[in-house]
Amino acid sequence: MRALRLSILLVSWLLTSLAGVNALAQEASSAAEPAYDQDADGESRAKKAANGLLGRPAPALTLKTIDGESIDLLSLYGRKPVYFKFWATWCVPCRQQMPGFEDIYQKYGDDIEVIAVNTGFNDSEAAIREYTQKITMSMPIVVDDGTLGSQLNLQVTPMHVLVGRDGRVAYVGHIDGPRLERAIKAVMAEVPDATVDASAPTQTRQFAVGDTVANISLTTLSGKKVALGTSDKPQALMFFAPWCESYLAESRPAMAANCARIRKQVETLVKKSNYAWYGVSSNLWVRRDEVEAYRQETNTELPLAYDGSGELFRAFAVRDIPTIVLMKPDGTVTKIIGPDTQNISAAIK
């Protein structure tokens, strides 16, 4: 009996020791994995956006504010610097930076043109007005249709773009604070020569229902190049972003639910419909490797493509995700299905 008690005590001691070892191993593993730093991640994406953008002539567009006022950018270049801040109502760091953004406008608004540029991506004027009723935003607010964002290589929100008096892009960043304020003071202090540069906006052909798609293609993650509109069967494109189902679950739960619901319905249709299906990922807050990670996490059989340049999103004027574009084999666009559609199969029929 004594030997039995000793055995029980020994087993108990071993189990306790192993539990302690496992706990230490888990702590060590957690310590080895650095915590996610959103500021650093966002700044890295802004730095990527700045490649090929710094020093380049800024676009000569005329923007319309939500209050109906026009802003002729070309008339500003040569006279004062311009500060574009790209943002969205669903973007948590955007909301965190808004008080500082208003401070900058109040402090420097006479010397630099400050413009709040809502990305127009999964956003609406109604949502913007509702948001601005809760906080102070005195600067002009415009909703981008994708044109300005494409010209300034929008990759992240918020994204700060400063244009000097010479009409050239001088700074691109994600975080606010001292670094941004130094950049603002620097562009205000610059005295340019008499030459003012500006770039004419690149015109992207947009395809609506009834149009025939031509000279546009996508490349899947597996490397397959697909020419749209030259197929032996109808084609369907589902425009999405990998973060919609996860990130928006907190800030925009209804949108997150739409993304998950439509993806699951499309995955069923991939197997049984006569369409050739492709998923097209946005480049906003998205890198190609993140699309691959999304594919593995969801275990989706939907062939995915990364729209790194934003060309496909612009071609079909997609501003809300998920959006589905249907085409005949010859490329004729037959239907565009929005994110609020409850039954995708019925909408296709």
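Data block above holds the structure.
Just so it is clear, the model here is predicted, and its values are computed rather than measured.

Student: What is the right way to look at the packing of aromatic side chains in this model?
Tutor: For any pair of aromatic rings, the description consists of the separation of the ring centres together with the inter-plane angle of the planes. Scanning the model with the defined rule gives 11 aromatic pairs in all. Plain terms: the ring middles of Tyr 83 and Phe 101 are 5.5 Å apart, the flat faces sit at 80° to each other, and that makes the pair edge-to-face. Here Tyr 83, found in strand β3 (residues 82-87), pairs with Phe 101, found in helix α4 (residues 92-108); they are 18 residues apart in sequence, far enough to count as distant. Grouping residues by exposure puts Tyr 83 and Phe 101 together as buried.

Student: Would you mind showing me how to read the state of the cysteines here?
Tutor: Disulfides are covalent bonds that link the sulfur atoms of two cysteine residues. With the rule as written, the count across this model stands at two disulfides. Here Cys 91 connects covalently by a disulfide to Cys 94, the sulfurs 2.4 Å from one another. Disulfide Cys 91-Cys 94: the torsion about the S-S bond is 80°, which places it as right-handed. By relative accessible area, Cys 94 is classed as buried at 0%.

Student: What am I meant to see in the pattern of salt bridges here?
Tutor: If the charged atoms of two oppositely charged side chains come close together, the side chains can form a pair. Tallied over the full model, the rule gives 13 salt bridges. The residue Glu 125 makes a salt bridge to Arg 129 at a minimum N-O spacing of 3.1 Å. In this pair, Glu 125 and Arg 129 are both assigned in helix α5 (residues 125-134), four residues apart and thus about one turn of the helix distant. Judged by relative accessible area, Glu 125 falls into the partly exposed class, the value being 39%. When the shortest N-O distance is used, the salt bridge between Arg 295 and Glu 292 registers 2.5 Å. Of this pair, Arg 295 and Glu 292 both sit in helix α10 (residues 288-298), three residues apart, roughly one helical turn. For Arg 295, a relative accessible area of 32% gives the class partly exposed. Each of Asp 41, Arg 45, Arg 287, Asp 289 and Glu 290 takes part in one network of salt bridges that share partners.

Student: Explain helix α9 (residues 253-272) to me, please; I cannot follow it from the model alone.
Tutor: Structural remark: α-helix, 3.6 residues per turn; residues separated by three or four positions point the same way. Over its 20 residues, α9 extends 29 Å from the first C-alpha to the last, a length consistent with the 28 Å expected when each residue adds 1.5 Å. Buried residues belonging to α9 abut β10 (235-240), α8 (248-251), β11 (276-281), α10, β13 (323-327) and α12 (344-348).

Student: Any chance you could explain the sheet that holds β11 here in plain terms?
Tutor: Sheet strands associate in pairs through backbone hydrogen bonding, adopting either a parallel or an antiparallel arrangement. Strand order in the open sheet made by the five strands is β12-β11-β10-β13-β14, with mixed pairing throughout. Of all strands in the sheet, those with a lone pairing partner are β12 (304-306) and β14 (333-337), marking the two edges. The average undirected angle you get between the axes of adjacent strands in this sheet is 20°. Bridging between β10 and β13 involves five bridges; their strand directions are antiparallel. For Phe 239, the partnering residue across the bridge sits in β13 and is Thr 323. Of the strands in this sheet, β10, β11 and β12 are in contact with α10, which crosses β12 at around 160°.

Student: I tried to follow the side chain of Ser 282 on my own but got confused; where do I start?
Tutor: Structurally, Ser 282 is set in the loop between β11 and α10. At 3.0 Å, the side chain of Ser 282 and the backbone nitrogen of Leu 284 are in polar contact.

Cut-off values and rules
- The written sequence of each chain sets the order in which its residues are numbered from 1.
- With pLDDT at 70 or above as the cut-off, local features in this predicted model cover only qualifying residues; side-chain atom pairs require 80 or more to be listed or tallied, and sums for whole chains, interfaces and linings still use all residues.
- With hydrogens and water stripped out, all remaining heavy atoms of the structure feed into the side-chain values.
- The aromatic pairing rule takes the rings of Phe, Tyr and Trp, using the six-membered ring of Trp, and pairs them if the centres are within 6.5 Å, calling planes under 30 degrees apart stacked, those over 60 edge-to-face and the rest tilted.
- A run of H or I in DSSP becomes a helix once it reaches four residues, and a run of E becomes a strand once it reaches two; helices and strands are each numbered from the N terminus.
- Exposure classes here rest on a 1.4 Å probe applied to the protein chains alone. A residue is buried below 20% of its type maximum, exposed above 50%, and partly exposed in between.
- Any cysteine sulfur atom paired with another within 2.5 Å is treated as part of a disulfide.
- A carboxyl oxygen of Asp or Glu within 4 Å of a side-chain nitrogen of Lys or Arg is what we treat as a salt bridge.
- In a helix, the anticipated span is given by 1.5 Å times the number of residues less one.
- The contact criterion used is simple: two residues touch if any of their non-hydrogen atoms lie within 4.5 Å.
- At least two bridges found by DSSP between two strands is the condition for calling them paired.
- Between N-to-C directions, angles span 0 to 180 degrees; the directions come from axes that are lines fitted to C-alpha atoms, helices contributing only their stretch in contact.
- Any pair of N or O atoms that falls within 3.5 Å is considered a polar contact. Within protein, one atom must be able to donate a hydrogen and the other to accept it, and sequence-neighbouring residues count only if both atoms are side-chain atoms.

All we've got here are geometric facts, nothing functional implied.
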